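Each chain, letter by letter, is given below.
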Amino acid sequence: METKRIGAQTLRFSRPPRVESFANIGAKLEGQGPLADYFDELSEDSFFGEKTWEKGEARMQKRVLSRALEKATRRPEELDLIFAGDLLNQCIGTSFALREFGVPLCGVYGACSTMGESLALAAMSIDGGFARRAAAMTSSHFCTAERQYRMPVPYGSQRTPTAQWTATAAGCCILSNEGRGPAVTHAAIGRIVDRGITDANNMGAAMAPAAYDTLRALFSDTRTSPADYDLIVTGDLGRLGHEVVTDLFARDGVDMTKNYKDCGLLLYDLERQDMHMGGSGCGCSAAVLNGYLLRGMREGKWNRIVFAPTGALLSPTSTMQGESIPGVCHAVILESIGEES
């Protein structure tokens, strides 16, 4: 049997799936950030025309899939699989969004790492011959996440200095066994890493060790170093988590300062927008990937990037019971390679 494993955590695809199309949607604050021009749609209405924020998030996810299909000139029935999830209990943003499409769904929960996990699973299904075309997608919403994990927005609770802003955004990437790319060439599946952080308002510190663990495994398994990539992007660690990852690698003698960025620092202008430590949420990395990063690759700005979103695997129940916050990070390598037909 052909083996596609090249290490303890990393997979190398023998027939790398191509990015056929991508789309992203954001709201008012995302439209005020430095990446506003990279969104397919921006809404001034945080309800997206619905009566509740949760229904609004489902509408956002429904719309981002429709937009990605439109850009690919595809119909829903041309998708073999959808891999998708969100931050809400039982992933209701996803299930209610996709109930009208009639496409087989694999629901995914990786917290804020969901874009990386869904992308890796979609690539595995295509490379393995189980699908010709698959969508990977996710979303988050500031108000739905605050209501579930911390305090309802109308309560007006004070945000701590280590807090991040959950992006109201969604992203969708359609992968295919043909097309012009970029291509997903590798995936590193993350392990659970828990360093004992219990503060639900300090996601960066909770998730950074998982990002370090997965990236270190990816570099080791592929026998590469940060210098071999045009860009390395974690998902939503924000300023504090980005500093922690940089410091952990520095202790290993690895310099991450030249080409390491974080989506939570790219999505918003931290000088003009009061986001404290930066952006977070499933939609943060999903929106940055399916706009700024993939468009940049198609335009030739970067040829080889590592996309490594991170997730904090907590729940309201575990937080109230005083549990620590496990983290996970799933990474994929995206490369600009020749077109296949």
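Located above this text is the structure these notes cover.
Quick summary incoming for the structure in this document.

Cut-off values and rules
- For every chain, the first residue of the written sequence is number 1, and numbering continues from 1 along that sequence.
- Given that the model is predicted, a residue must reach a pLDDT of at least 70 before its local features are reported, and side-chain atom pairs must reach 80 or more before they are shown or counted; all residues, however, enter totals for whole chains, interfaces and linings.
- Hydrogen atoms and water are omitted, and side-chain values are computed over all heavy atoms in the structure.
- Strands are runs of DSSP state E lasting at least two residues, helices are runs of H or I lasting at least four, and both sets are numbered from the N terminus onward.
- In this setup the radius of gyration rests on C-alpha atoms only. A globule is expected at 2.2 Å times the number of residues raised to 0.38.
- The buried label applies to any residue whose accessible area, calculated with a 1.4 Å probe on protein chains only, is under 20% of its type's maximum; exposed applies above 50%, and partly exposed to all values in between.
- What makes two residues a contact is simply this: any of their non-hydrogen atoms within 4.5 Å.
- Methods summary: accessible areas were calculated by the Shrake-Rupley approach with a probe of 1.4 Å, and residue burial reflects only the protein chains presented.
- Under the counting rule used here, the positive set is Lys and Arg, the negative set is Asp and Glu, and His together with the chain ends is not counted.
- Where a charge sits is defined by one atom per residue type, namely NZ (Lys), CZ (Arg), CG (Asp) or CD (Glu).
- Planes of paired rings set the category: under 30 degrees apart is stacked, over 60 is edge-to-face and the rest tilted, where pairs are Phe, Tyr or Trp rings (Trp by its six-membered ring) whose centres lie within 6.5 Å.
- We define a polar contact as two N or O atoms separated by no more than 3.5 Å, with the added condition that, inside protein, one atom must be a possible hydrogen donor and the other a possible acceptor, whereas residues neighbouring each other in sequence contribute only through side-chain atom pairs.
- Axes here refer to lines fitted to C-alpha atoms; in helices the fit is confined to the stretch in contact. Angles between the N-to-C directions go from 0 to 180 degrees.
- Throughout this description, any angle smaller than 35 degrees is read as roughly parallel, any larger than 145 degrees as roughly antiparallel, any in the 65 to 115 degree range as roughly perpendicular, and the remainder as oblique.
- A clockwise turn of the near helix away from the far one marks a right-handed crossing, whereas an anticlockwise turn of less than a right angle marks a left-handed crossing.
- Gly falls in the polar group here, along with every residue not listed as nonpolar (Ala, Val, Leu, Ile, Met, Phe, Trp, Tyr, Cys, Pro) or charged (Asp, Glu, Lys, Arg).
- A side-chain nitrogen of Lys or Arg and a carboxyl oxygen of Asp or Glu constitute a salt bridge if their distance falls within 4 Å.

The number of helices and strands found in the chain is 10 helices and 16 strands. A globule of 341 residues ought to have a C-alpha radius of gyration of about 20 Å, and the chain, at 18 Å, matches this closely. The dimensions of the chain, computed from C-alpha atoms along their principal axes, are 55 × 50 × 35 Å. Taken across its 341 residues, the chain has 59% of its residues classed as buried. Contacts spanning at least 24 positions in sequence make up 77% of the contacts within the chain whose residues lie at least 6 apart. Accessible surface computed for the chain: about 13900 Å², of which carbon and sulfur atoms make up 50%. Positive and negative side-chain charges in the chain, numbering 35 and 41 respectively, have mean positions lying 3 Å apart.

Under the counting rule described, the total for this entry stands at 6 aromatic pairs. Look at Phe 219 and Tyr 229: their rings are 6.1 Å apart centre to centre, the planes differ by 35 degrees, and that puts the pair in the tilted class. Of this pair, Phe 219 sits in helix α6 (residues 203–222) while Tyr 229 sits in the loop between α6 and β10 (231–234); the two residues are 10 residues apart in sequence, bridging distant segments of the chain. Classification of Tyr 229 as buried rests on a relative accessible area of 3%. Both rings, one in Tyr 292 and one in Trp 302, keep their centres 5.3 Å apart while their planes meet at 75 degrees; by these two values the pair is edge-to-face. Of the two residues, Tyr 292 is situated in helix α9 (residues 282–298) and Trp 302 in the loop between α9 and β13 (304–308); the sequence distance between them amounts to 10 residues. Relative accessible area serves as the criterion here: at 15%, Tyr 292 is assigned to the buried category.

Position of Asp 236 relative to the elements: it lies in the loop between β10 and α7 (238–251). A relative accessible area of 0% means that Asp 236 is categorised as buried. Polar side-chain contacts of Asp 236 include one of 3.4 Å to the backbone nitrogen of Gly 281. At 2.8 Å, the side chain of Asp 236 and the side chain of Thr 310 are in polar contact. Apart from residues no more than four positions distant in its own chain, Asp 236 is found in contact with Cys 112, Gln 164, Met 207, Asp 262, Gly 264, Gly 279, Ser 280, Gly 281, Cys 284 and Thr 310.

Turning next to the packing of helix α2 (residues 53–72) against helix α5 (residues 142–149). As a packed pair, α2 and α5 sit with axes 8 Å apart at the nearest point and diverge in direction by 130 degrees. The orientation of α2 with respect to α5, classified from their angle, is oblique. The hand of the α2/α5 crossing is left-handed. In this structure, α2 uses Trp 53, Glu 54 and Glu 57 to contact α5, whose residues at the interface are Cys 143, Thr 144 and Arg 147. Residue classes in the contact of α2 with α5 are distributed as 2 nonpolar, 1 polar and 3 charged.

Looking now at the pattern of salt bridges. Where side chains of opposite charge bring their charged atoms close, a pairing between them can arise. All chains considered together, the criterion is met by 21 salt bridges. Where Glu 20 meets Arg 133, a salt bridge forms, and the shortest distance between an N and an O atom there is 3.2 Å. Taken together, the residues span a long stretch of sequence, with Glu 20 in strand β2 (residues 18–26) and Arg 133 in strand β6 (residues 133–140) at a distance of 113 residues. Under the relative-accessibility criterion, Glu 20 is labelled buried at 17%. Between Glu 41 and Arg 63 there is a salt bridge whose closest N-O contact spans 2.7 Å. Here Glu 41, found in strand β3 (residues 41–42), pairs with Arg 63, found in helix α2; they are 22 residues apart in sequence, far enough to count as distant. Owing to a relative accessible area of 29%, Arg 63 belongs among the partly exposed residues under this scheme. Several salt bridges converge on common partners, so that one network encompasses Glu 20, Arg 74, Arg 75, Glu 77, Glu 78, Arg 133 and Glu 178.

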